[in-house]
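Read off the chains here:
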Amino acid sequence: MKHGLPTIVARNTALFGIAGELPPILISDLFGVHRNTANQWAVLAQDSWAGYLAALRTRP
């Protein structure tokens with residue numbers, strides 16, 4: 001809390017920002033966030049798992 005900002009708040013804010021850029025399943029795997037939390041953040045960031053799942057289906 002060097003600058004008056006609790007560490008967990010800063011971490012969660014950064015992860016929420018990433019939620020709009022990466023699929024929730026990757027956020028969950030990479031950062032250890034529960035998949036439901038990552039999904040809720042993605043919904044709030046106007047993203048979803050649909051694009052990622054569609055991409056997986058088209059992979060050889």
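Coordinates for the structure precede this section.
Source: prediction; values computed, not measured. (Residues numbered from 1 in each chain as written. Predicted model: local features only at pLDDT ≥ 70, side-chain atom pairs only at ≥ 80, totals over all residues. Heavy atoms only, no water.)

Caption draft 1: Structural view of the overall build of the protein. Of regular secondary structure, the protein possesses four helices and zero strands. Listed N to C, the secondary structure of the protein is α-α-α-α in terms of helices and strands. Here the protein holds 60 residues, and 18% of them are scored as buried. Of the contacts formed within the protein by residues at least 6 apart in sequence, a portion of 43% connects residues at least 24 apart. Total accessible area computed for the protein in this model is approximately 4500 Å², and 59% of it derives from carbon and sulfur atoms. (Helix = DSSP H or I, 4+ residues; strand = E, 2+ residues; numbered from the N terminus. Buried < 20%, exposed > 50% of the residue type's maximum accessible area, 1.4 Å probe, protein only. Contact = heavy atoms within 4.5 Å. Areas by Shrake-Rupley, 256 points an atom, 1.4 Å probe, with all protein chains shown as cover.)

Caption draft 2: Fine view of the nonpolar core. Of all hydrophobic cores here, the largest spans six residues; its members are Leu15, Ala19, Ile27, Val33, Ala38 and Trp41. Counting residues per element, the ones that place at least two in this core are helix H1 (7–19) and helix H3 (35–44). Aside from chain neighbours lying at most four places away, what touches Ala38 is Pro24, Ile27, Ser28 and Val33. (Core = buried A, V, L, I, M, F, W, Y, C linked by side-chain atoms within 4.5 Å.)

Caption draft 3: Local environment of the packing of H1 against H3. Two numbers describe how H1 lies on H3: the axes approach to 8 Å, and their chain directions differ by 65°. Taken as a pair, H1 and H3 cross one another with a handedness that is right-handed. For the pair H1 and H3, contact is made by Asn12, Leu15, Phe16 and Ala19 and by Trp41, Ala42 and Leu44, respectively. Broken down by class, the residue content of the contact of H1 with H3 amounts to six nonpolar, one polar and no charged. (Axes fitted to C-alpha atoms, helices over the stretch in contact; angles between N-to-C directions. Left-handed = near helix turned anticlockwise from the far one by under 90°. Nonpolar A, V, L, I, M, F, W, Y, C, P; charged D, E, K, R; others polar.)

Caption draft 4: Molecular detail of helix H2 (residues 24–31). Three or more residues of H2 are buried, namely Pro24, Ile25, Ile27 and Ser28. Down the axis of H2, the smallest arc covering the buried residues is 165°, so these residues share one side. Set apart from the buried face of H2 by more than 90 degrees, the exposed residues are Asp29 and Leu30. Two residues or fewer after H2 comes Gly32, characterised by a positive phi angle close to 75°. (Arc of directions from axis to C-beta.)

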